[in-house]
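Examining the three-dimensional arrangement
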Amino acid sequence: MLDFIYYPVSWILWFWHRAFALIPGVGKDSGLAWALGVVFLVFTLRVVLYKPFVKQVRTTKQMQELQPQIKELQKKYKNDRQKMALEMQKLQKEHGFNPLMGCLPVLAQVPVFLGLFHVLRSFNRTGHGFGQLGMTPEENANTANYVFNAADVQSFLSARIFGAPISAFITTPANELLAFADYGGIPSRLSIALVAIPLMVIAGLATHFNARASVARQSAEAAANPQAAMMNKLALWVFPLGVLVGGPFLPIAILIYWVSNNIWTYGQQHLVFGRMAKEEEAKKQAKLEQRAQNAPKPGAKPVSTKKKPTATAADAEPSDAEPSMNGTPKSAAGKASGQRRPGGQKRSGGRGRANQKRRR
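Residues numbered from 1 in each chain as written. Predicted model: local features only at pLDDT ≥ 70, side-chain atom pairs only at ≥ 80, totals over all residues. Heavy atoms only, no water.

**Some words on the overall build of the chain**
Threshold: Only DSSP runs of H or I covering at least 4 residues are called helices, and only runs of E covering at least 2 are called strands; the numbering of each starts at the N terminus. It only takes one pair of heavy atoms within 4.5 Å for two residues to be counted as in contact. Exposure was quantified through the Shrake-Rupley algorithm and a 1.4 Å probe, taking into account, for residues, occlusion by the shown protein chains and nothing else.
A count of helices and strands for the chain gives 16 helices and two strands. The contacts of the chain with a sequence gap of at least 6 include a subset with a gap of at least 24, amounting to 67%. Total accessible area on the chain is roughly 22900 Å²; 62% of this is exposed by carbon and sulfur atoms.

Now the structure itself:
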């Protein structure tokens, strides 16, 4: 049913196992070769998802920047959900914001995780639970597992890390442990627990610190959002606790997958956020340089960029040809009015401060 997931996962794991088996002193039956195959299966997936991860980070950052506007829309249209949805879509379209990009890397890892879990479980099909075929140890050892032939299945059953098969888990039923009898002996639960428990603790701590690093980069407005606050609590405490609770039911190879995935995420976050910080700093520096170029030089008079209204000739000086009310040109009328008083008497031409003092 999900062969389109199982076969690609099998091919990637097969390739890396073959690559590390060529290292002198390792060999194809080594637990190290199989463990490194799982680790580099994770790295291959994360390299493919690098660009979507960068978009996820940018989308998350953009979402935090849009929080004030989103809150305003929620407050404004709290009684009209349809209108609120339309306005939210409009806001997202204006800013080129796609919420799906924030979930894509996580969603893409889920089928790979499930595919790897199924492929690893299928190296031992002697159980009778969900996804098991109830084979005998002999049938299981001589039956291919997707792209892995019977020899590869036997190699996987022989692989050990500190005495524990990497496909075993703490709660493995006793009848399933019999599949390892002819390939390194039946492992004890203690040997499995001594390998699985440290991996569970490391995986839980790595999940917690990854979440803490992500929460620390959130803005105050985003952290104050009730939904974001709830997700932060889940990421900080519930998910790491889930690794510890579910760890006894997970094969050692899956715990290796979880640890290596968190290590990659931690390093990738620092790389991506560091680059984004440099980009923002470069943008700020460019703005400052632009302001410095536009600013007047020391000692120079600033020039106003506002346009002054241009005065027309008619506004600046009245035309001499334009007649006044009595038919006399305005300039002549002005001169005449300047020479005679309203009563018809001629105004004195030597009128000034000296004449005013004499009259006083």
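From this point, the discussion proceeds with the structure in view.
**Some words on the pattern of salt bridges**
Selection rule: Note on definitions: salt bridges are taken to be side-chain nitrogens of Lys or Arg within 4 Å of carboxyl oxygens of Asp or Glu. Remark: exposure states derive from per-residue accessible area (1.4 Å probe, protein chains only) relative to the maximum for the residue type, with buried under 20%, exposed over 50%, and partly exposed in between.
What the rule picks out here adds up to three salt bridges. Of the charged contacts in the structure, one is a salt bridge between Lys 83 and Glu 87, with a shortest N-O distance of 3.5 Å. Residue Lys 83 and its partner Glu 87 are both found in helix H5 (residues 81-94); the two are separated by four residues, about one turn of the helix. A salt bridge links Glu 176 to Arg 121, with the nearest nitrogen and oxygen atoms 3.8 Å apart. Residue Glu 176 is located in helix H9 (residues 174-177), and its partner Arg 121 is located in helix H6 (residues 104-121); the two are separated by 55 residues in the primary sequence. For the pair shown, Glu 176 and Arg 121 are each scored as buried.

**Overview of helix H3 (residues 50-65)**
Where we set the bar: Between the first and last residue of a helix there are one fewer steps than residues, each counted as 1.5 Å, and that sum is the expected span.
With 16 residues, H3 ought to run about 22 Å at 1.5 Å a step, and its terminal C-alpha atoms sit 23 Å apart, in line with that. Those residues of H3 lying buried are Pro 52, Phe 53, Val 54, Gln 56, Val 57, Thr 59, Gln 62 and Gln 64.

**Some remarks on the confidence of the model for the chain**
For the record, the criterion: pLDDT runs from 0 to 100 and stands for how confident the predictor is about each residue.
When pLDDT is averaged along the chain, the result is 80; 77% of the residues meet or exceed 70. Predicted confidence is poor over residues 330-338, with pLDDT under 50, and the contacts of this stretch with residues over four places away or in other chains come to eight contacts.

**Quick word on the packing of aromatic side chains**
Here the distance between the centres and the angle between the planes together describe a pair of aromatic rings. Let me state the cut-off plainly: Planes of paired rings set the category: under 30 degrees apart is stacked, over 60 is edge-to-face and the rest tilted, where pairs are Phe, Tyr or Trp rings (Trp by its six-membered ring) whose centres lie within 6.5 Å.
On inspection of all chains with the given rule, the structure shows 16 aromatic pairs. With a centroid separation of 5.0 Å and 55° between ring planes, the pair formed by Phe 20 and Phe 40 is classed as tilted. With Phe 20 in helix H1 (residues 3-21) and Phe 40 in helix H2 (residues 31-48), the pair connects residues that are 20 residues apart, well separated along the chain. When the ring of Phe 40 is compared with that of Phe 43, the centres are 5.2 Å apart and the planes differ by 65°; the resulting orientation is edge-to-face. Of this pair, Phe 40 and Phe 43 both sit in helix H2, three residues apart, roughly one helical turn. When its relative accessible area of 21% is taken as the criterion, Phe 43 is described as partly exposed.

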